[in-house]
Protein chains: 6
Amino acid sequence: MILVTRKAHFNAAHKLWNPQWDQARNEEVFGKCANKHWHGHNFELWVTVAGEVDPDTGFVVDLKWLKKIIEDRVIEPLDHSNINLDVPFMQGRMASTENLAMAIWDQLWETLQHPRYRLYSLQLFETPNNSVTYYGPGFGGLPPAP
Amino acid sequence: MILVTRKAHFNAAHKLWNPQWDQARNEEVFGKCANKHWHGHNFELWVTVAGEVDPDTGFVVDLKWLKKIIEDRVIEPLDHSNINLDVPFMQGRMASTENLAMAIWDQLWETLQHPRYRLYSLQLFETPNNSVTYYGPGFGGLPPAP
Amino acid sequence: MILVTRKAHFNAAHKLWNPQWDQARNEEVFGKCANKHWHGHNFELWVTVAGEVDPDTGFVVDLKWLKKIIEDRVIEPLDHSNINLDVPFMQGRMASTENLAMAIWDQLWETLQHPRYRLYSLQLFETPNNSVTYYGPGFGGLPPAP
Amino acid sequence: MILVTRKAHFNAAHKLWNPQWDQARNEEVFGKCANKHWHGHNFELWVTVAGEVDPDTGFVVDLKWLKKIIEDRVIEPLDHSNINLDVPFMQGRMASTENLAMAIWDQLWETLQHPRYRLYSLQLFETPNNSVTYYGPGFGGLPPAP
Amino acid sequence: MILVTRKAHFNAAHKLWNPQWDQARNEEVFGKCANKHWHGHNFELWVTVAGEVDPDTGFVVDLKWLKKIIEDRVIEPLDHSNINLDVPFMQGRMASTENLAMAIWDQLWETLQHPRYRLYSLQLFETPNNSVTYYGPGFGGLPPAP
Amino acid sequence: MILVTRKAHFNAAHKLWNPQWDQARNEEVFGKCANKHWHGHNFELWVTVAGEVDPDTGFVVDLKWLKKIIEDRVIEPLDHSNINLDVPFMQGRMASTENLAMAIWDQLWETLQHPRYRLYSLQLFETPNNSVTYYGPGFGGLPPAP
């Protein structure tokens, strides 16, 4: 078992906005992130696949193939998009980095499920200072408090 | 004479759009950057001031002061904004990185003009792969071709 | 369960010095790090919180709030400090990166303990080449040797 | 238990080549990476050791010592080498990043096995976009699919 | 006049070797860089174009076009190559970073010469610690010593 | 003419303090940087040499030699030092980044003066957000204001 990680990028606009709240409440909670005219980011995505090495290639997965999967299923719909308006798999979800990472997991999960390997984790940077890391819905339960 | 450089950040949405062209022409020239729903970036700005060292402080400029000038005159209007719609000093200008750097120069120039120092250059990164560098309107004429 | 990470910075002086040893022994073990006149670093701290997403906000935690907690409890006492002399929570402890990371954990733990989330890990870089990662006192026991 | 990570670098040439395949098959699978004249990378290696803090030093391990171990056992044989031709511990193995990380583990494991600490993980970057992470042969079995 | 910079990457093998010297002399001068089995790097290239902004686009040059020029004329021949053996424009030249940067200039110069803009400088990183910057053959004469 | 740049690092403590001022005035001007117990940084130094390529080597300067010069004349006195107390060439000078860069220039200038090349510039980062760039005492006079 070894982990292989591939980095990808996309640039997108979004806003943080709860449609069940009025504007004042949205601005109170989300501050400038609720700007009705949107703002945006250069998102950086690290996709990690875990598996056994194929002895014929020395690879867990062919990175050219992995790059293409990420390109087709994640970068193509997200790059130069408005996350709230343009991205089918984000419709009806708050456009937070947390929700976006979980939606990207769903985009990748089936294709990266194979007897020898599978999707292991995603790390999504909204800015160089902020990121989320997701190990999938099977990663659960907080470890017991010390 | 020595140069002092301070880095700042802002996150913003924009689109590339020439209002004198129809949508087809805009999409032909600007591709995905013309998305009518906007996209966005984490912009990174390097502001360089050139001058002599003040013997009392060892500084060309106090970086706390320089940081505040950049904050007030550049980051405050641009951060979490839509460059096309929200930023007074970008009204009526194409929202390219080149034009944005020149507009930021105009925002900073007067305040950073002093007998002992002045604004020397700006480098504005739209993404880690793309940037523009501006030395002001006085930097002119291409060096003669070899 | 998803992890959210926020980066912070502080600049500080320290020395590595065991008060139960004489100077020769300290210099033998710690080399230049035992310089009696101190040396210093730009420390970089990654704080990771694990939890469930709040459906109203799409957040595990509000990053503005998390930033303020880190600022008040970690950056304020450490930034531009002498770790050995100035920092209440490092008194009587060797000023190694390991001990500093564990002390920062203690500074943050209670505030970042909530039914929906809690402090998950810290990564503290002393230089771009050296870091420690701490998962708290509950992370224990070396996995069995292969 | 706390983790300590040290970064190291080496520059090397390699090619991806399965000696049981003919050239056409190698080029079909490995593309430009099968160039018979080699290509190369600046590899970046993160070595993580897990253990308890020594109360006399505040250290899990002395980083000067860890740096020397990595230098002697990994960097010395790999830096400015041809991984396929020059490196004793890679003979007879496909020169993929996965296999190289596992071979580096074997180079470091015994020396970094101690009652108070042991080698915990390696992360090996082939490029800034591609890396593998290895937790040793004891890290096994994919977590159950959600 | 404003400068626009675009980053590109290539991975390649090379060795430093003066064919007029014997092996002992090459090893004395170039050390491990003269390894007869080659070594390699992830090269990073910054291409800077200087010019006036086109008022119709807000661009000095269209970055998609600039990216394609760099791709066709520089990355295609160099990526996953052996610089000494495979690259037509490096035949008969020592494969140093200096010579490579000057050869890349010659690859780009004509295409990036236009009434409104021209190639201004190249910065080529061999490693994150080493780079060369070239302003073309017209940049000459050391400034007078102070 | 081509420029060659080499990066180096040192970790040091300092404080900003004008000995002709009392403590209140120092704290008013320098804020936390005047902490009497010092603070510190990971400094990053870029040394640039300009010159012609030696046709026998393809080098402007041998980077192993340049590295050793920087090591001997800059890193050795500065690394793990207190800049105010320990560094001979900073005695009697305010320990600002500007003054430190100019003092490093004086340390390197003579050795890097050669008929074929000479020291061209230094860039000294105090933090990733703050740096100074020095072209030597011969770089003078602000360009005329536009």
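This text goes with the structure placed above it.
So, how was this worked out
Residues numbered from 1 in each chain as written. Chains lettered and ligands numbered in written order. Predicted model: local features only at pLDDT ≥ 70, side-chain atom pairs only at ≥ 80, totals over all residues. Heavy atoms only, no water. Helix = DSSP H or I, 4+ residues; strand = E, 2+ residues; numbered from the N terminus. Contact = heavy atoms within 4.5 Å. Lys, Arg positive; Asp, Glu negative; His and termini not counted. Charge placed at Lys NZ, Arg CZ, Asp CG, Glu CD. Least-squares fit on C-alpha atoms with pLDDT ≥ 70 in both. Buried < 20%, exposed > 50% of the residue type's maximum accessible area, 1.4 Å probe, protein only. Pairing = 2+ DSSP bridges. Buried area = accessible area lost by both parts, 1.4 Å probe. Salt bridge = Lys/Arg side-chain N within 4 Å of Asp/Glu carboxyl O. Polar contact = N/O pair within 3.5 Å; in protein donor to acceptor, adjacent residues only side chain to side chain. Nonpolar A, V, L, I, M, F, W, Y, C, P; charged D, E, K, R; others polar. Bend = angle between axes of the 7 residues up to and from the residue. Core = buried A, V, L, I, M, F, W, Y, C linked by side-chain atoms within 4.5 Å. Axes fitted to C-alpha atoms, helices over the stretch in contact; angles between N-to-C directions. Parallel < 35°, antiparallel > 145°, perpendicular 65-115°, else oblique. Left-handed = near helix turned anticlockwise from the far one by under 90°.

Draft legend 1. Up close: the overall build of chain A. Along the backbone of chain A there are four helices and five strands. Along its sequence from the N terminus, chain A presents helices and strands in the succession β-α-β-α-β-α-α-β-β. Taken over the C-alpha atoms alone, chain A extends approximately 60 × 45 × 25 Å along its principal axes. Contacts in chain A between residues far apart in sequence, at least 24 positions, make up 66% of those at least 6 positions apart. Put simply, chain A has 13 plus and 17 minus side-chain charges, and the middle of one group is 2 Å from the middle of the other.

Draft legend 2. A look at the relation of the copies chain A and chain D. Aligned on chain D, chain A shows an RMSD of 0.0 Å; the corresponding rotation is 120° and the shift along the axis is 0.0 Å. The operation mapping one copy onto its partner corresponds to a three-fold rotation axis.

Draft legend 3. Representation of the pairing of strand E1 (residues 2-14) of chain C within the structure. E1(C) sits mainly inside the fold: 12 of its 13 residues count as buried. Two strands pair when backbone bridges link them, and strand E5 (residues 130-134) of chain A and E1(C) are joined in this way by four bridges, in the antiparallel orientation. Residue pairing for E1(C): Thr133(A) is matched across the bridge by Leu3(C). Relative to strand E2 (residues 39-51) of chain C, E1(C) is paired through 13 bridges, and the arrangement is antiparallel. Its bridge partner being in E2(C), Thr5(C) is matched across the sheet by Thr48(C). Looking at chain direction, E1(C) and strand E3 (residues 81-82) of chain C are connected through two bridges and run parallel. By the bridge assignment for E3(C), Ala12(C) is matched with Ser81(C).

Draft legend 4. Representation of the interface of chain A and chain D in the model. At the junction of the two partners, chain A supplies 28 residues and chain D supplies 29 residues. Here chain A and chain D share an interface that buries about 2,300 Å² over both sides, 61% of which is from carbon and sulfur atoms. If you look at where chain A meets chain D, you find zero salt bridges. Linking chain A with chain D are eight residue pairs in polar contact (both at pLDDT 80 or more), by the criterion used here.

Draft legend 5. Spotlight on the interface of chain E and chain D. Facing 21 residues of chain E, the contacting portion of chain D comprises 21 residues. Together chain E and chain D conceal approximately 1,700 Å² of surface at their shared face, both sides included; 50% is due to carbon and sulfur atoms. Linking chain E with chain D are two salt bridges, by the criterion used here. Between Asp79(D) and Lys32(E) there is a salt bridge; the shortest N-O distance is 2.8 Å. Along the contact surface separating chain E from chain D lie 17 residue pairs in polar contact (both at pLDDT 80 or more). Breaking the side of chain E that touches chain D down by element, the ones donating at least two residues are strand E1 (2-14), strand E2 (39-51), strand E3 (81-82), helix H3 (83-86) and strand E5 (117-127) of chain E. The greatest single-element share of the side of chain E that touches chain D, amounting to four residues, is contributed by E2(E). Each residue belonging to the side of chain E that touches chain D can be placed in one class, and the counts come to six nonpolar, 11 polar and four charged.

Draft legend 6. Spotlight on the side chain of Asn18(B). Relative to the elements of secondary structure, Asn18(B) occurs in the loop between strand E1 (2-14) and helix H1 (23-30). With relative accessibility at 3%, the residue Asn18(B) sits in the buried group. Discounting chain neighbours no more than four positions away, the residues touching Asn18(B) are Asn26(B), Phe30(B), Met94(B) and Asp56(E).

Draft legend 7. Looking closely at unusual backbone geometry. Phi is positive for Trp38(B), close to 80°, though the residue is something other than glycine. Look at His80(D): it is not a glycine, yet its phi comes out positive at around 55°. Within the secondary structure, His80(D) sits in the loop between helix H2 (63-78) and strand E3 (81-82).

Draft legend 8. Structural view of helix H2 (residues 63-78) of chain C. Residue and element names in this part refer to chain C. Taken as a whole, H2 carries its principal kink of about 45° at Glu71. Among all positions of H2, only Leu66, Ile69, Ile70, Val74, Ile75 and Leu78 are buried. The inward-facing, buried residues of H2 abut E1, E2, E3, helix H3 (83-86) and helix H4 (97-109). Its side-chain oxygen 2.8 Å from the backbone nitrogen of Lys64, Asp62 forms the N-cap of H2.

Draft legend 9. The relation of the copies chain E and chain D, seen in detail. Overlaying chain E with chain D gives an RMSD of 0.0 Å, the required rotation being 180° about an axis along which the chain moves by 0.0 Å. The superposition of one copy onto the other is thereby described by a two-fold rotation axis. Here 100% of the interface residues in chain E have copies in chain D that are interface residues too; the copies meet face to matching face.

Draft legend 10. Spotlight on the nonpolar core. Ranked by internal contacts, the top residues of the largest apolar core, which has 114 residues, are Leu100(B), Ile104(B), Leu100(E), Ile104(E), Leu100(F) and Ile104(F). The contact partners of Ile104(B), leaving out residues within four places of it in the chain, are Phe10(B), Leu45(B), Val74(B), Leu78(B), Leu122(B) and Leu124(B). Judged by nonpolar contacts, the second largest core, of 112 residues, contains Ala8(A), Ile104(C), Leu108(D) and Tyr134(D).

Draft legend 11. Structural view of the side chain of His80(F). For His80(F), a relative accessible area of 13% gives the class buried. Of note is the side chain of His80(F), whose polar atom sits 3.2 Å from the side chain of Asp79(F). Setting aside chain neighbours within four positions, we find His80(F) in contact with Lys32(C), Cys33(C), Asn35(C), Trp38(C), His39(C) and Asn11(F).

Draft legend 12. How the structure looks around the pattern of salt bridges. Enumeration over the complete set of coordinates arrives at 31 salt bridges over all chains. With a closest N to O distance of 2.6 Å, Asp72(A) and Lys68(A) form a salt bridge. Note that Asp72(A) and Lys68(A) are positioned in helix H2 (residues 63-78) at a spacing of four residues, about one turn of the helix. A salt bridge links Glu28(F) to Arg25(F); its shortest N-O distance comes to 3.5 Å. Linking Glu28(F) with Arg25(F), this pair stays in helix H1 (residues 23-30), spanning three residues, or about one helical turn.

Draft legend 13. Quick peek at the packing of H2(C) against H4(C). Residues and elements named next belong to chain C. Interaxial distance between H2 and H4 falls to 10 Å at its minimum, and their mutual angle equals 140°. On the basis of the axis angle, H2 is oblique to H4. Note on packing geometry: the crossing formed by H2 with H4 is right-handed. Contact with H2, carried on its side by Ile69, Ile70, Arg73, Val74 and Leu78, involves Leu100, Ile104, Gln107 and Leu108 of H4 and no other residues of that element. Partitioned by chemical class, the residues of the contact of H2 with H4 number seven nonpolar, one polar and one charged.

Draft legend 14. Focus on the pairing of strand E5 (residues 117-127) of chain C. Residue and element names in this part refer to chain C. Among the 11 residues that make up E5, 10 are buried, leaving the element largely enclosed by the rest of the structure. Sheet topology places E2 next to E5; eight bridges connect them, and they run antiparallel. Across the sheet, the residue bridging to Thr48 is Ser121, located in E5. Between strand E4 (residues 113-114) and the antiparallel strand that follows it, E5, lie two residues. Bridging between E5 and strand E6 (residues 130-134) involves five bridges; their strand directions are antiparallel. Considered in E6, the bridge of Gln123 is made with Thr133. Between E5 and the antiparallel strand that follows it, E6, lie two residues.

Any link to function would need more than the numbers given here.
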